[in-house]
Amino acid sequence: MVALPWGRSAGRDAPSDRVTGDRSGRARVTILALVVFVMLAAIASLGTGAAGVSLGDVLVKWISGEELTLRERVVLFDIRLPRLLTGMLVGASLAVSGAVMQGLFRNPLADPGIVGVGAGAGLGAVLAIVLGAFLPPAILAVAGMHLVPLAAFFGGWATTLILYRVSTRAGRTSVATMLLAGIALGALSGALTGILVYIADDQQLRDLTFWGLGSLAGAGWAKLAAAAPIMMLALLAAPMLARALNGLALGEGAAAHLGIAVQRMKNLAILTVAAATGAAVAVSGGIGFIGIVVPHLLRLVMGPDHRFLLPAAALLGAGLLLLADIISRLIIAPAELPIGIVTAVLGGPVFLWILLRRRGIVDM
Amino acid sequence: MLEARDISVTLGRKQVLYGAGLRAKPGAMTVIVGPNGSGKTTLLRAITGDLASRGTVTLDGQDMRALAPHSLAERRAVLPQASVLAFPFTVHEVVRLGLTGRIALRPDAAKLPSRALEQVGLAGYGGRFFQELSGGEQARAQLARVLLQVWEPVQDGTPRWLFLDEPVAALDIGHQLQVMHLARRFARAGGGVVAVMHDLNLTAMFADRVVLMLDGRVLAQGAVREVLTDQNLSRAYGCRLRVSSLPAQGATYILPQAAEIA
């Protein structure tokens, strides 16, 4: 790890955080650095794409007061900007739901994608796409354009709830049971999704295929408007969980003795994970590994204190997803690779490395 | 005043506590002793709310179970038996978790974790990873966290309580004495201490009041000399024990060498 001179807690003679064990100064520096990183990634993302509209040209025109061409305006404001915002929100949501889930299950291997919550949310989304038309008009009217993300949220919520009930006894989560139950729930959701694909009509199949690839290619203002409120709610709720998740690291009993309303916080955590995962899955399909890799890297740098980990995860998740999206647009340009493939290729090996690191240090 | 009355606990199908009761005063150290499986820890966990139980637990006349978690946390801290930490927190970060409620608003709050570590003999351990400490060191780091939660034994005229489940079980004799003195100082400063202990000699040395348990019931409770008698101890522990006292200070001690196995 790099020793940052400005990462020390206070003053020139203050002992380093390696001695005091207080990593809050280092966490704050990390968060600041991540803010810069997200801004740079956002600028790069706005400037990247098949259309060949360069940010430099646009900037020169804007400064000299010249009008943008229609083409430039459409590419920037109707294609790249909603895609940028969708990518940031999806990345932040996936990383934060990973961090919250790991805190809730007290295990760094819990990830909505790995333990079937993503598949459950996917089932909800597919249900809404295929059978949505049969719902009572009243429900359709209330849900409106939010129907698919809401259905994904309920699918993710039900899966998380079942997973938690199955794998946790007396406040202790069995990791083996959690992973196996996750496989079972994921397979079940996959099978039900498969049945729905069989009965889907041609137009629905088209929707399903594009959605299932895990891509930001279909991102537009309409899709963003449907899912963004749900993701924003989850991202705003997450910081309220920080103290509770820190307490839960000591065990449920100890958390309660610290004054934490454990059951209420667990319910809120499950809702947050389901909302963030569900909405992210609804808008972008299956994008893997962000939820497990981001919190893990951050814990290595600044420790597991959730007061800092949750905002930092949101930032790093947003930035990394933007980078992955840029790669997906550049690597086989002018065509583009689904972003889920990019995150899997990059995230898979990192996940394996995490497993290897844990072997012999912590039993799982 | 802490009062637990008629506490019964059933774990699975087995009843493990049968109407046990306990009274503890602030300013004093109350120690629960008894053989393995007599229900010491179960009684403590019923009082702290870790276990569902029948009966009543009142703190200064208030129903303890009706208090909200955060207001309860202001009035008492609980040291569990060994616990497993989920993530790689440093010792400082674990202790800092005890910084809750009004104590966190003190101007010197940032310095309190290291002072709590000093009190348990872990000065300079803040930067180590909790999971890399030995069992005894982990127990003392947890004690520092618990101490921090009730840093002032009396807050706004209300005594605060420490519940300790076998606080010295993993410790060497030097640290056993250090922790016992710490608990006694907390009580002398006006706080209340309720501890589950195995060591009868440390109990005799430090307890102001002893609760002796057998088979899920309270066999006797009161002052050390009234409770730790040949008859009571021999009955509770199933072997003939003889209680002695030092001629000079009259301190009570029990030698295993003087026991006869029935």
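Everything discussed here concerns the structure shown above.
Residues numbered from 1 in each chain as written. Chains lettered and ligands numbered in written order. Predicted model: local features only at pLDDT ≥ 70, side-chain atom pairs only at ≥ 80, totals over all residues.

Draft legend 1. Representation of the overall build of chain B in the model. Secondary structure assignment for chain B yields nine helices and 16 strands. Taken over C-alpha atoms, the radius of gyration comes to 19 Å for chain B, in line with the 18 Å a tight globule of 262 residues would show. Projecting the C-alpha coordinates of chain B onto the three principal axes gives extents of approximately 55 × 40 × 35 Å. Out of the 262 residues in chain B, the part that is buried amounts to 48%. Of the contacts made within chain B by residues no fewer than 6 positions apart, 64% connect residues no fewer than 24 positions apart. (Helix = DSSP H or I, 4+ residues; strand = E, 2+ residues; numbered from the N terminus. Rg over C-alpha atoms; globule rule 2.2 N^0.38 Å. Buried ≥ 20, exposed ≤ 12 C-beta atoms within 10 Å, placed from the backbone. Contact = placed C-beta atoms within 7 Å.)

Draft legend 2. Structural detail: the overall build of chain A. Within chain A one finds 16 helices and two strands. For 364 residues, the compact-globule estimate of 2.2 N^0.38 gives 21 Å, and chain A sits close to it at 21 Å. Taken along its principal axes, the extent of the C-alpha atoms in chain A is 60 × 55 × 35 Å. Here chain A, with 364 residues, has 49% of them falling under the buried criterion. Long-range pairs, those at least 24 residues apart, make up 78% of the contacts in chain A between residues at least 6 apart in sequence.

Draft legend 3. Here's a closer look at the interface of chain A and chain B. Between chain A and chain B, the contact holds 26 residues from the first and 26 residues from the second. Looking at the side of chain A that touches chain B, the elements that each hand over two or more residues are α1 (17–20), α11 (242–248) and α12 (252–257) of chain A. Ranked by the residues each element gives to the side of chain A that touches chain B, the list is headed by α12(A), at four residues. Split into classes, the residues belonging to the side of chain A that touches chain B amount to ten nonpolar, ten polar and six charged. (Nonpolar A, V, L, I, M, F, W, Y, C, P; charged D, E, K, R; others polar.)

Draft legend 4. Up close: the pairing of strand β4 (residues 54–59) of chain B. All names here are of chain B. By the bridge criterion, five bridges tie strand β1 (residues 2–11) to β4 in an arrangement that is antiparallel. Bridging across to β4, Arg 5 finds its partner in Thr 56. Looking at chain direction, β4 and strand β5 (residues 62–63) are connected through two bridges and run antiparallel. Residue Thr 58 lies in a different strand from β5, and its bridge partner there is Asp 63. With antiparallel pairing between neighbouring strands as the criterion, β4 and β5 make up a hairpin whose turn holds two residues, including Asp 60 at a positive phi of roughly 50 degrees. (Pairing = 2+ DSSP bridges.)

Draft legend 5. The arrangement of the packing of helix α4 (residues 70–105) of chain A against helix α13 (residues 262–284) of chain A in detail. All names here are of chain A. Two elements in contact, α4 and α13, have axes whose closest approach is 9 Å; the angle formed by their N-to-C orientations is 145 degrees. In this structure, α4 crosses over α13, and the sense of that crossing is left-handed. Counting all contacts with α4, which are made through Thr 86, Val 90, Ser 93, Leu 94, Val 96, Ser 97, Val 100, Met 101 and Leu 104, the residues of α13 involved are Lys 266, Ala 269, Thr 272, Val 273, Ala 276, Thr 277, Ala 279, Ala 280, Val 283 and Ser 284. Residues that form the contact of α4 with α13 fall into these classes: twelve nonpolar, six polar and one charged. (Axes fitted to C-alpha atoms, helices over the stretch in contact; angles between N-to-C directions. Left-handed = near helix turned anticlockwise from the far one by under 90°.)

Draft legend 6. View of the sheet that holds strand β2 (residues 14–24) of chain B. Residue and element names in this part refer to chain B. In space, the four strands of this open sheet follow the order β2-β1-β4-β5, with antiparallel pairing throughout. Looking at which strands have only one partner, the edges of the open sheet turn out to be β2 and β5. Across the sheet, helix α1 (residues 40–48) lies against β1, β2 and β4, angled at about 70 degrees from β2, the strand it touches most.

Draft legend 7. Broad picture of unusual backbone geometry. A positive phi is found at Arg106(A), a non-glycine position, where the angle reads about 55 degrees. Positionally, Arg106(A) belongs in the loop between α4 and α5 (117–131). A positive phi angle is found at Asp215(B), which is not glycine, with a value near 50 degrees. As for its position among the elements, Asp215(B) is in the loop between β11 (209–214) and β12 (217–222). Asp215(B) gets classed as partly exposed once you count the C-beta atoms within 10 Å, which come to 14.

Draft legend 8. Here's a closer look at the packing of α5(A) against helix α7 (residues 147–167) of chain A. All names here are of chain A. In the contact formed by α5 and α7, the axes pass within 7 Å of each other and the chain directions differ by 145 degrees. For the crossing formed where α5 meets α7, the hand is right-handed. For the pair formed by α5 and α7, the contact residues are Val 117, Gly 120, Ala 121, Leu 123, Gly 124, Ala 125, Leu 127, Ala 128 and Ile 129 on the first element and Leu 147, Val 148, Ala 151, Ala 152, Phe 154, Gly 155, Gly 156, Ala 158, Thr 159 and Thr 160 on the second. Its residues placed into classes, the contact of α5 with α7 shows 13 nonpolar, six polar and no charged.

Draft legend 9. The pairing of strand β3 (residues 29–33) of chain B, seen in detail. Residues and elements named next belong to chain B. Judged by how many residues are buried, β3 sits mostly within the fold: five of five residues are covered. Pairing of β3 with β11 involves four bridges; the strand directions are parallel. Bridge assignment links Val 33 to a residue of β11, and that residue is Leu 212.

Draft legend 10. View of the nonpolar core. Residue and element names in this part refer to chain A. Counting 187 residues, the largest nonpolar core has Val 96, Ala 279 and Ala 313 as the members making the most contacts within it. With 14 residues, the top contributor of residues to this core is helix α15 (residues 306–330). Not counting residues within four places of it along the chain, the set of residues in contact with Ala 313 comprises Ala 95, Val 96, Ala 99, Val 294, Pro 295 and Leu 298. (Core = buried A, V, L, I, M, F, W, Y, C linked by C-beta atoms within 7 Å.)

Draft legend 11. Fine view of the environment of Thr30(A). Residue and element names in this part refer to chain A. Within the secondary structure layout, Thr 30 lies in helix α2 (residues 24–46). Residues Thr 30 and Ala 99, spaced 69 residues apart in sequence, show a C-alpha to C-alpha distance of 17 Å. With residues near it in sequence (within four places) discarded, Thr 30 still touches Val 301, Met 302 and Ala 312.

Shape descriptors only; they carry no functional weight alone.
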